[in-house]
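In case you want the letters, here they are:
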Amino acid sequence: MSKVFFVTGASRGLGAEIVRAALERGHQVAATARDAAAVSKAYPDEPANLLALTADVTDPAQLRAAVEATVDRFGRIDVVVNNAGYGLVGAVEEVSDAAARDLFEVNVFGVINTLKATLPVLRAQRSGHVLNLSSVGGFATAPGVGLYGATKFAVEALSEALHGELAPLGVRVTIVEPGGFRTDFLNPASLRTEPATIPDYEAGAGPVRQSMGTNDGKQAGDPVKAAHAVIDVTEVPEPPLRLQLGRDAIARIEAKLDLVRRELEQWKHVALSTDL
């Protein structure tokens, strides 16, 4: 059955591949970006089932207008894909207040703004599926990307809450946790880097800084396959709360689970000793 997708950050990267995969499956797609012209450029054949829209996720009014245009054109919204966002490199102490706030404005409040614009439609329908693009870094972050990881941890937390809030209304929620995929995420279009101003952090954050530049274009993940995996999960009756993408994502998540289990067992006696 054809569905109506509402995708943010749809002009490039994984967002663009998700749009292409949805169109290939015969779905209808409202593809949004800060400039609709960038969306049209990404899909020059202008398929009839594509609606290119301007919607900066930091602008609630633009998002509401985009949702209204989508419903006017397609009659409903079945799948919301919160994909818009960017990365930030820098030790926590090195990241400026302005850079941290700008990051949260897009990666966290942009998701909240999109949800507030789209959820009234899904609730009224008593059906739908929300996919919030997190990252493996939203489950297990690393030195040098702590602020980025914090935004994705926040997305995971609000998604877990949404899962419980929306399930009685027939609306599903899935957190997507990609590892490294060969998109433009590691180039300046999607990744901002704060200056390394504190030498003490060279040992902790330095290796991550260096790897970000050297790994661009060498990521193991195939974004086309990832996009089709995302579409696949919207076509099953009981989608998962979390969907990991890539071997590296699985490895990092399993390593953190093992660490948490070990520490829980090691320190359980302290935790239990605090009961009344």
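Residue positions within a chain follow its written sequence, with the count starting from 1. Totals for whole chains, interfaces and linings use every residue, but because this is a predicted model, local features are given only for residues with pLDDT of at least 70 and side-chain atom pairs only at 80 or more, for both listing and counting. To obtain the side-chain values, all non-hydrogen atoms of the structure were included, while hydrogens and water were left out.

1. Considering the pairing of strand 4 (residues 79–82)
Under the convention used in this document: Only protein chains enter the accessibility calculation, which uses a 1.4 Å probe. A residue is then buried if its area is under 20% of the maximum for its type, exposed if over 50%, and partly exposed in between. Helix and strand labels come from DSSP, where a helix needs a run of H or I of at least four residues and a strand needs a run of E of at least two; each type is numbered from the N terminus. Pairing between two strands requires that DSSP report at least two bridges joining them.
Neither face of strand 4 is left uncovered, since the one carrying Val79 and Val81 and the one carrying Val80 and Asn82 both have all their residues buried. In this structure, strand 1 (residues 4–7) lies alongside strand 4, joined through three bridges in parallel fashion. Bridge pairing in strand 4 links Phe5 to Val79. For strand 4 and strand 6 (residues 128–133), the ladder comprises four bridges, and the chain directions are parallel. Opposite Val79, over in strand 6, you have His129 as the bridge partner.

2. Notes on the pattern of salt bridges
A side chain of one charge can pair with a side chain of the opposite charge when the charged atoms of the two come close. Let me state the cut-off plainly: Put simply, a salt bridge is a Lys or Arg side-chain nitrogen that is within 4 Å of an Asp or Glu carboxyl oxygen.
For the structure shown, the criterion picks out twelve salt bridges. Residue Glu156 pairs with Arg242 through a salt bridge whose shortest N-O separation is 2.8 Å. With Glu156 in helix 6 (residues 146–166) and Arg242 in strand 9 (residues 242–245), this residue pair connects regions lying 86 residues apart in the sequence. With relative accessibility at 3%, the residue Glu156 sits in the buried group. Ionic pairing is found between Arg261 and Asp258, a salt bridge with its closest N-O pair at 3.3 Å. With Arg261 and Asp258 both in helix 9 (residues 247–272) and three residues apart, the pair spans about one turn of that helix. Connected through salt bridges with shared partners, the residues Glu156, Glu160, Glu177 and Arg242 form a single ionic network.

3. Concerning the sheet that holds strand 6
Filter applied, for reference: The angle between two axes is taken between their N-to-C directions and runs from 0 to 180 degrees, where each axis is a line fitted to C-alpha atoms and a helix contributes only its stretch in contact. Note on contacts: a residue pair is in contact if any heavy atoms of the two residues lie within 4.5 Å.
The strand order across the open sheet built from seven strands is 3-2-1-4-6-7-9, with neighbouring strands paired in parallel fashion. Each edge of the sheet is formed by a strand with only one pairing partner; in this case those strands are strand 3 (50–54) and strand 9. Averaged over all neighbouring strand pairs, the angle between strand axes comes to 20°, with direction disregarded. This element, helix 5 (residues 109–125), spans strand 1, strand 4, strand 6 and strand 7 (171–178) of the sheet and lies at about 170° to strand 6.

4. Topic: the side chain of Thr118
Relative to the assigned elements, Thr118 resides in helix 5. Excluding residues within four positions of it along the chain, Thr118 makes contact with Phe6, Val67 and Val80.

5. Quick word on the packing of aromatic side chains
Filter applied, for reference: Aromatic rings from Phe, Tyr and Trp, with only the six-membered ring used for Trp, were paired whenever their centres fell within 6.5 Å, and each pair was classed as stacked if the ring planes differed by under 30 degrees, edge-to-face if by over 60, and tilted otherwise. Each ring is checked for a lysine NZ or an arginine CZ that lies within 6 Å of its centre and within 35 degrees of its normal; such an atom marks a charge sitting over the ring.
Applying the stated criterion across every chain, the model contains zero aromatic pairs. Sitting above the plane of the Tyr86 ring, Arg192 keeps its charged end 3.9 Å from the centroid. Note that Lys256 overlies the ring of Phe139, its terminal NZ or CZ placed 5.4 Å from the centroid.

6. Describing the packing of helix 4 (residues 97–107) against helix 6
To keep it simple, the criterion reads: Should an angle lie under 35 degrees it is considered roughly parallel, over 145 roughly antiparallel, and from 65 to 115 roughly perpendicular; all remaining angles are considered oblique. The crossing is said to be left-handed when, going from far helix to near helix, the turn is anticlockwise and less than a right angle, and right-handed when the turn is clockwise. Residues are grouped as follows: nonpolar covers Ala, Val, Leu, Ile, Met, Phe, Trp, Tyr, Cys and Pro; charged covers Asp, Glu, Lys and Arg; every other residue, Gly included, is treated as polar.
Where helix 4 meets helix 6, the closest approach of the two axes is 10 Å, and the angle between their N-to-C directions is 30°. In terms of orientation, helix 4 and helix 6 fall into the roughly parallel class. The chirality of how helix 4 crosses helix 6 is right-handed. Touching Ala100, Leu103, Phe104 and Asn107 of helix 4 are Leu147, Tyr148, Ala150, Thr151, Lys152 and Val155, all from helix 6. Grouping the amino acids of the contact of helix 4 with helix 6 by side-chain chemistry returns seven nonpolar, two polar and one charged.

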